[in-house]
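Fold and contact review
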Amino acid sequence: MSLLASLLPSVLHHAAATDDVARFIIGWDIFLFVAIVGTMFFFVFKYNKKRHPRAVNIHGNAVLETLWTVFPVALVLVMFYLGWSAYIQTRVVPKSAMDVKVIARQWEWSFQYMNGKTADTLFLPQGRPVKCLLTSVDVIHGFYIPAFREKNDVIPGRVRYLMLYPEHVGNYEITCSQYCGLDHALMMTRLIVLPKEKFDQWLKSGLTGEQISDALTGRVGT
Ligand SMILES: [Cu+2]
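Residues numbered from 1 in each chain as written. Predicted model: local features only at pLDDT ≥ 70, side-chain atom pairs only at ≥ 80, totals over all residues. Heavy atoms only, no water.

**Some words on helix α4 (residues 196–204)**
Of the residues making up α4, those classed as buried are Phe 199, Trp 202 and Leu 203. Axial view of α4: buried residues confined to an arc of 100 degrees, hence all on one face. Of the residues in α4, the exposed ones pointing more than 90 degrees away from the buried face are Glu 197 and Lys 204. (Buried < 20%, exposed > 50% of the residue type's maximum accessible area, 1.4 Å probe, protein only. Helix = DSSP H or I, 4+ residues; strand = E, 2+ residues; numbered from the N terminus. Arc of directions from axis to C-beta.)

Printed below as a string of structure tokens:
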């Protein structure tokens, strides 16, 4: 398991794609850093004053110049392509998606379902795409679910969205990623993914978040 995955356990395919992009970019960063700094030290050693008392000018080298232009451009384009294809997965809204309103305010989250039910914990059914409609009643907040590798700014006066694909039953952290005032650090809640029947039961019932969470004790994930 990579360091990144152990720091932030991921819970779904999309998160795995995001991790792959991060691993690819960080891997190349480390390789290029070692190669460039290593070459620099090698040159400092090879061309020091003792060995080469008189400096000699070197004129162009077409092969090298082509290589160091084409290779970085190609590498950056591959990085862009991988990042773009992972990102675009989070922007496509499937027809089967369920809408949930996410309302941010200083300093709490609330969630409203299409039948009018509201909650301060985000309950979602397993296996159904969810389109979170993000809005704020006061300042800019950031809706962030680390285990899903997803984050989007929540801006007053606008409705933005974020797609979630809850694949596993579990209990995940939701936090605010934009500094939004005194109690920003306390602006946290949970995403609880329930089996579909349990979710439907909760959605139709008057059960509170706490009651259904208690029923789930022992099935808590990351
Ligand atoms: Cu906030």
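**What to know about the coordination of the copper ion**
Those protein atoms acting as donors to the copper ion are His 141 (ND1), Cys 176 (SG), Cys 180 (SG) and Met 187 (SD), and they sit at 2.0 to 2.7 Å. Note that the copper ion binds four donor atoms; their angles at the metal cover 89 to 125 degrees, and the shape is tetrahedral. Taken in chain order, the donor set of the copper ion reads H-x34-C-x3-C-x6-M. (Donors = N, O, S within 2.8 Å, 3.2 Å for Na, K, Ca; no water. Tetrahedral: all angles 85-135°; square planar, octahedral: opposite > 155°, others 65-115°.)

**Structural notes on the pattern of salt bridges**
This model, assessed by the stated rule, comprises three salt bridges. Residue Arg 149 pairs with Asp 19 through a salt bridge whose shortest N-O separation is 2.6 Å. One end of the pair, Arg 149, is in the loop between β6 (141–145) and β7 (150–154); the other, Asp 19, is in helix α2 (residues 13–46), with 130 residues separating them in the sequence. By relative accessible area, Asp 19 is classed as buried at 3%. Of the charged contacts in the structure, one is a salt bridge between Asp 20 and Arg 23, with a shortest N-O distance of 2.9 Å. Taken as a pair, Asp 20 and Arg 23 lie in helix α2 at a separation of three residues, close to a single helical turn. (Salt bridge = Lys/Arg side-chain N within 4 Å of Asp/Glu carboxyl O.)

**Here's the deal with the sheet that holds strand β4 (residues 122–125)**
Here we have five strands laid out as an open sheet, ordered β4-β10-β9-β6-β7, and mixed in their pairing. A strand with exactly one partner marks an edge of an open sheet, and here the two such strands are β4 and β7. Mean inter-strand twist for the sheet, computed between neighbouring axes without regard to direction, equals 20 degrees. The pairing of strand β9 (residues 170–176) with strand β10 (residues 188–194) spans six bridges and is classified as antiparallel. What sits directly across from Tyr 172, in β10, is Leu 191. Against the sheet, α4 touches β4 and β10, its axis set at about 130 degrees to β4. (Pairing = 2+ DSSP bridges. Axes fitted to C-alpha atoms, helices over the stretch in contact; angles between N-to-C directions. Contact = heavy atoms within 4.5 Å.)

**Comments concerning helix α3 (residues 62–89)**
Relative to the 40 Å expected for 28 residues at 1.5 Å per residue, α3 spans 41 Å between its end C-alpha atoms, a close match to the ideal helical length. Regarding α3, the residues found buried are Leu 75, Met 79 and Ala 86. Backbone nitrogen of Val 63 and a side-chain oxygen of the N-cap are separated by 3.2 Å at the start of α3; the cap is Asn 61. (Expected span 1.5 Å × (residues − 1). Polar contact = N/O pair within 3.5 Å; in protein donor to acceptor, adjacent residues only side chain to side chain.)

**Observations regarding the pairing of β10**
Counting buried residues along β10, five of its seven residues qualify, which places the element largely inside the surrounding structure. Where β4 meets β10, four bridges bridge the pair, whose relative direction is parallel. Within β10, the position partnered with Pro 125 by the bridge is Leu 194.

**Concerning the layout of surface pockets**
The space that makes up the largest pocket amounts to roughly 310 Å³. Forming the walls of the largest pocket are 17 residues, and the residues nearest its centre are His 14, Tyr 87, Arg 149, Glu 150 and Lys 151. Of all the elements in the fold, those that place two or more residues in the lining of the largest pocket are α2, α3, β7 and β8 (160–164). Tallied by class, the residues present in the lining of the largest pocket amount to eight nonpolar, five polar and four charged. (1 Å grid on protein atoms, 1.4 Å probe; cavity = no way out; pocket = protein on both sides within 12 Å on 5 of 7 lines; lining within 4 Å. Points joined across faces, edges and corners; volume = space filled by probe spheres on them. Nonpolar A, V, L, I, M, F, W, Y, C, P; charged D, E, K, R; others polar.)

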